[in-house]
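Coordinate analysis (summary)
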Amino acid sequence: MAVYTDITEVELGAFLREYDLGELLSYKGIAEGTENSNFIVHTGSGSYILTLYEKRVEKADLPFFLGLMEHLAKRGVTCPLPVHRRDGAVMGELAGRPAAVITFLEGMWPRRPTAAHCREVGVALASMHIAGADFALSRPNALSIDGWKKLWSGCRERADEVEQGLEAEVAADFAALEAGWPSDLPAGVIHADLFPDNVFFLGDRLSGLIDFYFACNDAFAYDVATCLNAWCFERDHAFNLTKGTALLAGYQSVRPLSPAEVEALPLLCRGSALRFMLTRLYDWLHGPDGAMVKKRDPLEYVRKMRFHRQIGSAAEYGIQPQ
Ligand SMILES: Nc1ncnc2c1ncn2[C@@H]1O[C@H](COP(=O)(O)OP(=O)(O)OP(=O)(O)O)[C@@H](O)[C@H]1O
Ligand SMILES: N[C@@H](CCO)C(=O)O
């Protein structure tokens, strides 16, 4: 998170009067994250997270995101619960933004993920995929190939400012991905942004998942690909096979991947790397430059795109025969 939109104590006090949370004791902006404005709020009844939804979140999608958290929590996936207002609604408006209050999850995200963390994430991801099966709402993935193209058209001309030759490199990737992108893999509700900073641990035990604001309906194996990218590379950009093996084994201990999913994995990893490279590149070139916003490096994901281009089969990620 970040803080793009600031709020006053008076505004927040008035907003919280719509809830049954007791009096406002204190609140503070949270520096982490990039997408929305988040505050930790302490009231007479406990601690909560207040989120003001910023540019990438459509107000019309909030019932999907907030309803999904409630649905998953009821099925045993630990995640924040949206707090209902006195009138039953789960969202309101604050400082001109759609806003919601969710419960505070204990735990810390792992700054240096280990293979043990990766295994737990694999288990949690597969459990989420299964728990989402009977969620009544659906939402197409706005950041699949068409969405990538829109981002690309907004930064293509300036891509070479970030890395010489990037424009041509990405154009070639688009061609390969469009030609081979699978459309018939097992699909359902996916998290779509399950990076280490969205997974909390208490010691070695996973204590919860947060940040469902990219969740959507898409191929389950695409979510696995996103996690391989986010969890299994080292700071020197090398893929860590032990971590890949652990993540995939954890996932498959709950939901085995089909042969078609395994075969598609290298292309899905490549596509997911392009997706995160593009949102990072877009933000790199277009701001935001507001207070408490840390820009993420697009080149980290350019390196991952290059890695996946030379992968021959999913065995190189550590997939074990089931
Ligand atoms: N339910 C929660 N319980 C405890 N802390 C939370 C909770 N939700 C968010 N946070 C804190 O706020 C930070 C940012 O939250 P979140 O990841 O949802 O923001 P974001 O702007 O959507 O970020 P991202 O860049 O990951 O998309 C988290 O890293 C965590 O420190
Ligand atoms: N997880 C994303 C940012 C939030 O969507 C990234 O690291 O680029």
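Look up a bit, the structure's there.
Notes on the structure in this doc start here. Here the structure is a predicted model, which is why all the values come from computation and not from measurement.

About the thresholds
Residues numbered from 1 in each chain as written. Chains lettered and ligands numbered in written order. Predicted model: local features only at pLDDT ≥ 70, side-chain atom pairs only at ≥ 80, totals over all residues. Near = placed C-beta within 6 Å. Nonpolar A, V, L, I, M, F, W, Y, C, P; charged D, E, K, R; others polar. Core = buried A, V, L, I, M, F, W, Y, C linked by C-beta atoms within 7 Å. Buried ≥ 20, exposed ≤ 12 C-beta atoms within 10 Å, placed from the backbone. Helix = DSSP H or I, 4+ residues; strand = E, 2+ residues; numbered from the N terminus. Domains from an automatic or database assignment. Contact = placed C-beta atoms within 7 Å. Pairing = 2+ DSSP bridges. Axes fitted to C-alpha atoms, helices over the stretch in contact; angles between N-to-C directions. Parallel < 35°, antiparallel > 145°, perpendicular 65-115°, else oblique. Left-handed = near helix turned anticlockwise from the far one by under 90°.

So, the site of ligand 2
The environment of ligand 2 is formed by Thr34, Glu35, Asp193, Phe195, Phe276, Thr279, Arg280 and Arg296. Here the shell around ligand 2 is built from residues that sort into two nonpolar, two polar and four charged.

Examining the nonpolar core
Ala221 and Leu247 are the most contacted members of the largest nonpolar core, which has 83 residues in total. It is helix H9 (residues 259–286) that provides the largest number of residues to this core, a total of twelve residues. Residue contributions to this core reach at least three from each of two domains, namely domain 1 (9–103) and domain 2 (115–317). Not counting residues within four places of it along the chain, the set of residues in contact with Ala221 comprises Leu185, Leu257, Glu261, Ala264, Leu265 and Leu268.

A short note on the sheet that holds strand E4 (residues 92–94)
The antiparallel open sheet is built from five strands, whose spatial order is E1-E2-E3-E5-E4. Single-partner strands in this sheet number two, and they are strand E1 (24–29) and E4. Across this sheet, the average inter-strand angle for adjacent strands is 35 degrees, counted without regard to direction. Inspection of the sheet shows strand E2 (residues 37–43) paired to strand E3 (residues 46–52) by seven bridges, in the antiparallel sense. Note on E3: the bridge partner recorded for His42 is Ser47. On top of the sheet, helix H1 (residues 9–16) reaches E1, E2, E4 and strand E5 (97–103); it is set at about 120 degrees to E1, its chief contact.

Quick notes on the pairing of E2
Inspection of the sheet shows E1 paired to E2 by five bridges, in the antiparallel sense. What sits directly across from Tyr27, in E2, is Val41.

As for the packing of helix H3 (residues 115–131) against helix H7 (residues 220–231)
The axes of two packed helices give the description: the angle between them and the distance between them. Across the interface, H3 lies against H7 with an axial gap of 11 Å and an inter-helix angle of 160 degrees. In this view, H3 runs roughly antiparallel relative to H7, as classed from their interaxial angle. Between H3 and H7 lies a crossing of right-handed hand. Contacts between H3 and H7 pair Cys118, Val121, Leu125 and His129 from the former with Phe220, Asp223, Val224, Cys227 and Trp231 from the latter. A class-by-class count of the residues in the contact of H3 with H7 yields seven nonpolar, one polar and one charged.

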